There are 2 protein chains.
Amino acid sequence: MTSLPSILGGLDPTSDRAVFRQIADQLREAIDRGRFKEGDKLPSEAELVEHYGVSRMTVRNSFSILQGEGLVHAEHGKGVFVRPRPPVRRLASDRFARRHREQGKSAFIVEADAASSQPKVDSLEVKEEKASQDISNRLGDSVRRVLARRRRYLLDGRPVEFATSYLPLDIARGTQIAEPNPGPGGIYARLEELGHQLDHFEEEIRARMPSPSEVKTLQLAAGVPVIHLIRTAFDTAGRAVEVCDTVMAADAYVLSYQLPAT
Amino acid sequence: MTSLPSILGGLDPTSDRAVFRQIADQLREAIDRGRFKEGDKLPSEAELVEHYGVSRMTVRNSFSILQGEGLVHAEHGKGVFVRPRPPVRRLASDRFARRHREQGKSAFIVEADAASSQPKVDSLEVKEEKASQDISNRLGDSVRRVLARRRRYLLDGRPVEFATSYLPLDIARGTQIAEPNPGPGGIYARLEELGHQLDHFEEEIRARMPSPSEVKTLQLAAGVPVIHLIRTAFDTAGRAVEVCDTVMAADAYVLSYQLPAT
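Because the structure is predicted, anything quoted here is derived from the model rather than measured.

The rules behind these values
- Residues numbered from 1 in each chain as written.
- Chains lettered and ligands numbered in written order.
- Predicted model: local features only at pLDDT ≥ 70, side-chain atom pairs only at ≥ 80, totals over all residues.
- Heavy atoms only, no water.
- Axes fitted to C-alpha atoms, helices over the stretch in contact; angles between N-to-C directions.
- Helix = DSSP H or I, 4+ residues; strand = E, 2+ residues; numbered from the N terminus.
- Parallel < 35°, antiparallel > 145°, perpendicular 65-115°, else oblique.
- Left-handed = near helix turned anticlockwise from the far one by under 90°.
- Contact = heavy atoms within 4.5 Å.
- Domains from an automatic or database assignment.
- UniProt positions renumbered as here; feature names shortened; annotations may be inferred.
- Buried area = accessible area lost by both parts, 1.4 Å probe.
- Salt bridge = Lys/Arg side-chain N within 4 Å of Asp/Glu carboxyl O.
- Polar contact = N/O pair within 3.5 Å; in protein donor to acceptor, adjacent residues only side chain to side chain.
- Nonpolar A, V, L, I, M, F, W, Y, C, P; charged D, E, K, R; others polar.
- Pairing = 2+ DSSP bridges.

(A) Examining the packing of helix α3 (residues 45-52) of chain B against helix α4 (residues 56-68) of chain B more closely. Residues and elements named next belong to chain B. Put simply, α3 and α4 touch, their axes get as near as 9 Å, and they point 115° apart. Compared by their axis directions, α3 and α4 come out roughly perpendicular. Seen along the crossing, α3 lies across α4 with a hand that is right-handed. Facing E45, A46, L48 and V49 of α3, the residues of α4 in contact are R56, V59, R60 and F63.

Spelled out as structure tokens, the structure:
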């Protein structure tokens, strides 16, 4: 390893920026400049104590800042490492185009193909339940009970999102949509076979920090937010035929959209 | 205030969940159930030490967790408060429609109107500069230098996003686009007057934790991620005529999009 003094500078005693922040700034800059690369171990607590002449607690506080920003992760007993950036999935603005359904592919499979990744779906639960107020509002006030399909998506063994689809019972009950495996092309293909020709989708996007159960389900590193996406599918009669509530690991996705200029 | 035992339960000594996490779980649940509302002060360290029979350090660790999730914020010497959720701006999928430009309104003003908010734009900088590799890739490889327009947007006095527009010099130099005030309808209206009829926009969305300078510029509370949005405007000749790089406070926005089904 290159010697620390050549990578990290000294502290500025005249700065009104706290020492632990100055150290975090220098480590961050070294990561940004590629002096420490993905997967590299940062200098140890002892090395930084020695280099900066500060206490272990100060160094730990600096590491905490970088962890909170999602730049590094600590491995117990091993040290602090630059967090590898996972391969990012680009969701194209045509990802729900009919030509994909006609090939018997769901949107998730289309994405996985594009990323040359191995897709997997687990934690499947399909059941009838009471609609929440929000789901009722989206599917239409008369919809009180829904078919809920819950699943978690993994790419190359890594959980990347979990999603729940809600469908009105008058559409979905007793159809293949209520089966664990909805068949080729997924539930959108089945909806069209049932006479609900799809017209368009509306998506609402928010970002926030995950809840503890989301951290667990998506195996999120510290400092990684989630993207919360709520999609509503409309048929050509203008009816909302499905709402899909999705929570995605923000470090695993780039979402693309087209907006009209007219 | 209702007594603590009626709001918060006791600890589970048989649980393998660490005590500070159990306390954070109980406080989170009380916030979710509305027992502590936006702006409410949480019980003090001393009260929680008394209630749970734990050390101050344990209580501080519990508060840290909730701060990291963006649920609470600490006010020095005053206590820990449930973070008020700022009013959220919904960005509609038709926000760049020509009818808005024809009314002499920029997209930001349209949004502010929809939210009945007072809009303000500051930190204006307009200059010619070298294009980064990423901006060159988006505007076309022959574009080496660009006009950059940097500004910060505030709603009701609160910073909500900052954005930089990059335009090729052969389009923007010497036009009103290079002036601090680009005039009614904003730069998209000027581009169309210059003969670049807009066809569509492409947007790329990511979410991540902010850098320290982003925290400062957007006055972000702990545990609030940013949405990073990169928009490219295309004219009817298929040319990329502008790239806008925007960083938004994630707690202030919901983005809406329409996706085609065909």
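(B) Representation of the domain arrangement of chain A. Here chain A is partitioned into domain 1 (4-82) and domain 2 (89-255). Between domain 1 of chain A and domain 2 of chain A, the C-alpha centre-to-centre distance is 40 Å.

(C) Representation of the UniProt feature "domain: HTH gntR-type" (unreviewed entry) in chain A in the model. Per the UniProt record, "domain: HTH gntR-type" (unreviewed entry) is annotated on residues 17-85 of chain A. Overall, residues 17-85 of chain A shows 51% helix and 12% strand. The separation of its end C-alpha atoms is 29 Å.

(D) Representation of the interface of chain B and chain A in the model. Contacts between chain B and chain A engage 39 residues on the former and 40 residues on the latter. Buried surface at the junction of chain B and chain A, summed over both partners, amounts to about 3,300 Å²; 58% is from carbon and sulfur atoms. Contact with chain A buries area across many residues of chain B, yet Y257, L259 and A261 of chain B alone supply 22% of it, more than any other trio. Counting the contacts that link chain B with chain A gives zero salt bridges. Summed over the shared surface of chain B and chain A, the result is eight residue pairs in polar contact (both at pLDDT 80 or more). Counted by class, the side of chain B that touches chain A contains 19 nonpolar, seven polar and 13 charged residues. For strand β10 (residues 253-260) of chain A and strand β7 (residues 198-208) of chain B, the ladder comprises six bridges, and the chain directions are antiparallel. Bridge assignment links L259 of chain A to a residue of β7 of chain B, and that residue is F201 of chain B.

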